[in-house]
Amino acid sequence: MTDCLFCKIAQGEIPSRKAYEDDLVYAFHDIHPLRPTHILAIPKKHIASLAETTAADEPVLGRLLSVAWQLATENGSPDGFRAIINTGRIGGQEVPHLHLHIVGGETPVGPMLCKI
Ligand code: 5GP
Ligand code: ZN
């Protein structure tokens, strides 16, 4: 997709602090980290959200999850982490290119959700 922020980051057109790359996935540090470890792992190909995926996307979806532990360990969160995929309006997704947040650090991330 030509006008997508995270496509441009994956293609190197917009700079990012790279954490990992393979044939399917690009990962980089979040520009506004919410925890000491805050990495975004994205499919290299444009997928707008988890709500746009099909069975054909299973290889990249699997890869996103299977590299998360390595990324957390290598980036300051060796004792666990939280993986989050915000999806659509209800999920609070701001950037319309599927991304896995990997958050952690040396202290617990905190409660899963705040009661509303
Ligand atoms: P969302 O709310 O869509 O799940 O998360 C989007 C995330 O992307 C946010 O945590 C935000 O800080 C991050 N982000 C937005 N723009 C940029 C950018 O240009 N570079 C980087 N590295 N992160 C970004
Ligand atoms: Zn994109």
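Placed above this text is the structure.
Conventions and cut-offs
Residues numbered from 1 in each chain as written. Chains lettered and ligands numbered in written order. Predicted model: local features only at pLDDT ≥ 70, side-chain atom pairs only at ≥ 80, totals over all residues. Heavy atoms only, no water. Donors = N, O, S within 2.8 Å, 3.2 Å for Na, K, Ca; no water. Tetrahedral: all angles 85-135°; square planar, octahedral: opposite > 155°, others 65-115°. Near = heavy atom within 4 Å. Polar contact = N/O pair within 3.5 Å; in protein donor to acceptor, adjacent residues only side chain to side chain. Areas by Shrake-Rupley, 256 points an atom, 1.4 Å probe, with all protein chains shown as cover. Helix = DSSP H or I, 4+ residues; strand = E, 2+ residues; numbered from the N terminus. Contact = heavy atoms within 4.5 Å. Buried < 20%, exposed > 50% of the residue type's maximum accessible area, 1.4 Å probe, protein only. Pairing = 2+ DSSP bridges. Axes fitted to C-alpha atoms, helices over the stretch in contact; angles between N-to-C directions. Salt bridge = Lys/Arg side-chain N within 4 Å of Asp/Glu carboxyl O.

Outline the coordination of the zinc ion (ligand 2), supporting the account with residue identities and numerical values.
The zinc ion (ligand 2) binds to the protein through Cys4 (SG), Cys7 (SG), His46 (ND1) and His97 (ND1); the donor distances cover 2.0 to 2.3 Å. If you look at the zinc ion (ligand 2), its 4 donor atoms make angles of 105 to 117° with each other, and the shape they trace is tetrahedral.

Quick one: what's the story with the site of ligand 1, residue by residue and with numbers?
Neighbouring ligand 1 are 16 residues, the closest being Asp30, Glu94, Val95, His99 and His101. At 3.3 Å, a backbone N or O of Ile31 approaches a nitrogen atom of ligand 1. A distance of 2.9 Å separates an oxygen atom of ligand 1 from a polar atom in the backbone of Val95. For ligand 1, whose accessible area on its own is 520 Å², the fraction buried by protein is 84%. Of all the elements in the fold, those that place two or more residues in the shell around ligand 1 are helix H1 (5-10) and strand E2 (25-29). In terms of residue count, the dominant contributor to the shell around ligand 1 is H1 (3 residues).

Could you give an account of the environment of Phe81, with specific residues and numbers?
Looking at the element boundaries, Phe81 is found in the loop between helix H2 (58-74) and strand E4 (82-84). Residues contacting Phe81, with those up to four places away along its chain left out, are Ala68, Trp69, Ala72, Ile102 and Val103.

Account for the side chain of Ser77, with residues named and values stated.
Along the chain, Ser77 turns up in the loop between H2 and E4. On the basis of relative accessible area, Ser77 is assigned to the buried category, the value being 0%. One polar contact links the side chain of Ser77 to the main-chain carbonyl oxygen of Gly80, over a distance of 2.6 Å. Ignoring sequence-local partners within four residues, the contact set of Ser77 consists of Thr37, Trp69, Ala72, Gly104 and Gly105.

Before we move on, could you go through the sheet that holds strand E3 (residues 37-43) and cite the residues and values that matter?
Overall, antiparallel pairing links the 5 strands, which are arranged E1-E2-E3-E5-E4 in an open sheet. The strands lining the two open edges of the sheet, one partner per strand, are strand E1 (18-21) and E4. The sheet shows a mean angle of 20° between the axes of neighbouring strands, direction not considered. Relative to E3, E2 runs antiparallel, the two sharing 5 bridges. Residue pairing in the sheet places Tyr26 in a bridge with Ile42 of E3.

I'd like a description of the pattern of salt bridges, backed by residues and values.
Counted under the stated rule, the structure contains 6 salt bridges. When the shortest N-O distance is used, the salt bridge between Arg63 and Asp23 registers 2.8 Å. Placement of the pair is Arg63 in helix H2 and Asp23 in the loop between E1 and E2, with a sequence separation of 40 residues. Assessed through its relative accessible area of 25%, Arg63 is described here as partly exposed. Between Asp57 and Lys45 there is a salt bridge, with the nearest N and O atoms lying 3.0 Å from each other. In this pair, Asp57 is assigned in the loop between E3 and H2 and Lys45 in the loop between E3 and H2, connecting sequence segments 12 residues apart. A relative accessible area of 5% means that Asp57 is categorised as buried. In the salt-bridge network here, residues are joined through shared partners; they are Lys18, Glu21 and Lys44.

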